[in-house]
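# A closer look at the structure
Given next are the chains, with one letter for each unit.
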Amino acid sequence: MIIPPYEDREALLNTLDQVDALLLSGGGDMNPLFVNEDPLPSLHSINPKRDLCELLLIRLAFDRQIPMLGICRGIQMMATALGGGIYQDLDSQYENGPLVKHDQQLDRCYASHKVNIEEDSMLHTIMKVNELAVNSFHHQAVSNPGSHLRVSARSTDGVIEAIESTEHKALLGVQWHPEAMKTEEMGLLFSAFLKAAAAYKQNRR
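Basis of the calculations
- Each chain has its residues counted from 1, following the order in which its sequence is written.
- Residue-level local features of this predicted model are given only where pLDDT is at least 70; pairs of side-chain atoms are given and counted only at 80 or more, and the full residue set underlies all totals for whole chains, interfaces and linings.
- With hydrogens and water excluded, all non-hydrogen atoms of the structure serve as input to the side-chain values.
- Helical segments are the DSSP runs of H or I of at least four residues, strand segments are the runs of E of at least two, and each set is numbered from the N terminus.
- Within these notes, the globule rule equals 2.2 Å times the number of residues to the 0.38 power, and the radius of gyration is based on C-alpha atoms.
- The buried label goes to any residue with under 20% of its type's maximum accessible area, the exposed label to any with over 50%, and the partly exposed label to all in between, with areas taken from a 1.4 Å probe on protein chains only.
- Any two residues having at least one pair of non-hydrogen atoms within 4.5 Å are treated as being in contact.
- All tallies of charge rest on Lys and Arg as positive and Asp and Glu as negative; His and the ends of each chain are not included.
- Every charge is mapped to an atom, namely NZ of Lys, CZ of Arg, CG of Asp or CD of Glu.
- Aromatic pairs are defined between Phe, Tyr and Trp rings, using the six-membered ring for Trp, whenever the two ring centres lie within 6.5 Å; interplanar angles under 30 degrees are classed as stacked, those over 60 as edge-to-face, and all others as tilted.
- Remark: a charge is flagged as sitting over a ring if the NZ atom of Lys or the CZ atom of Arg is within 6 Å of the ring centre and within 35 degrees of the ring normal.
- When the sulfur atoms of two cysteines come within 2.5 Å, that pair is taken as a disulfide.
- Helix span, as expected, comes to 1.5 Å for every residue beyond the first.
- An arc is given here, and it is the one of the directions from the helix axis to the C-beta atoms.

Once that is clear, we can look at the overall build of the protein. What the protein contains, in helices and strands, is seven helices and nine strands. Its C-alpha atoms give the protein a radius of gyration of 16 Å, within 12% of the compact-globule value 17 Å for 205 residues. Judged by the C-alpha coordinates and their principal axes, the protein covers about 50 × 40 × 30 Å. Counting over 205 residues, the protein shows a buried share of 50%. Considering only contacts within the protein whose residues lie at least 6 apart along the sequence, 65% involve residues at least 24 apart. Of the side chains in the protein, 18 bear a positive and 27 a negative charge, and the two mean positions are spaced by 8 Å.

Since there are 3.6 residues in each turn of an α-helix, residues three or four apart along the chain are aligned in direction. Judged by how many residues are buried, helix α3 (residues 73–81) sits mostly within the fold: nine of nine residues are covered. Turning to α3, its buried residues number three or more, namely R73, G74, I75, Q76, M77, M78, A79, T80 and A81. Immediately beyond the C-terminal end of α3, within one or two residues, lies G83, with a positive phi of roughly 100 degrees.

With that settled, consider the environment of M77. Along the chain, M77 falls in helix α3. You can call M77 buried: its relative accessible area is 1%. Counting along the chain gives 108 residues from M77 to E185, while the straight-line C-alpha distance between them is 24 Å. The contacts of M77, once residues within four sequence positions are left out, are M30, D51, E54, L55 and I58.

Attention now goes to the packing of aromatic side chains. Under the defined criterion, the tally for this structure stands at one aromatic pair. The ring of F137 has R108 sitting right over it, with the charged end atom 4.5 Å from the ring centre. A cation sits over an aromatic face here: K169 above F62, 3.6 Å from the ring centre.

Per the stated rule, a full pass over the model turns up zero disulfides. Its sulfur unpaired, C53 is 18 Å from the next cysteine sulfur, which belongs to C72. You can see C109 has no disulfide; the closest cysteine sulfur is in C72, sitting 16 Å from it.

Let us now look at helix α7 (residues 184–204). When the terminal C-alpha atoms of α7 are compared, their 30 Å separation across 21 residues agrees well with the 30 Å that a helix rising 1.5 Å per residue should span. Here α7 has its buried residues at M186, L189, F193, A196, A197 and Y200. Down the axis of α7, the sector holding all buried residues measures 100 degrees, keeping them to one side. More than 90 degrees from the buried face of α7, the exposed residues found are E184, L194 and K195.

Bear in mind that shape data such as this cannot, by itself, settle questions of function.
Right, here's the structure in full:
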């Protein structure tokens, strides 16, 4: 089910009655005014209507314990909606500047840098590796996961690459695009997501 951007809380609640999990896809930058920041000159295109819908949708889904998987923009929206924050632009805001290229010119199916996965994380349980090669297409990133989420992977320059729940909920966000890589390893993410959706559906009955 594709959920179009709208801001009616009751309509969104009714929509969430029909889903077993929520996939937050990639896309444009978030409007910084929603977190009381002025836009930097390096800000890219924004869609405030989509932003408002997703921020509300994530909070409502979180309250209902609905499994969520955030991809690229999705991880940033998860962090923002649940009390964390993001960098509008890594090049100008990340301390001393990023040391890894995070906006590759390679085709999306290719990896361009590595991430280090925390051994005690849900992501590590899913992927079963300490290090993973990923693709990278972003100039924004999570700066602070907030209290509801924790960091589960970083690139070698310290940029946050994955976050997950601190409360054992089925919430996971990744900064890369696993859907584009089509590898067995990336398939594990979606298998875990589907398993969480099936468990939620079963428990909801």
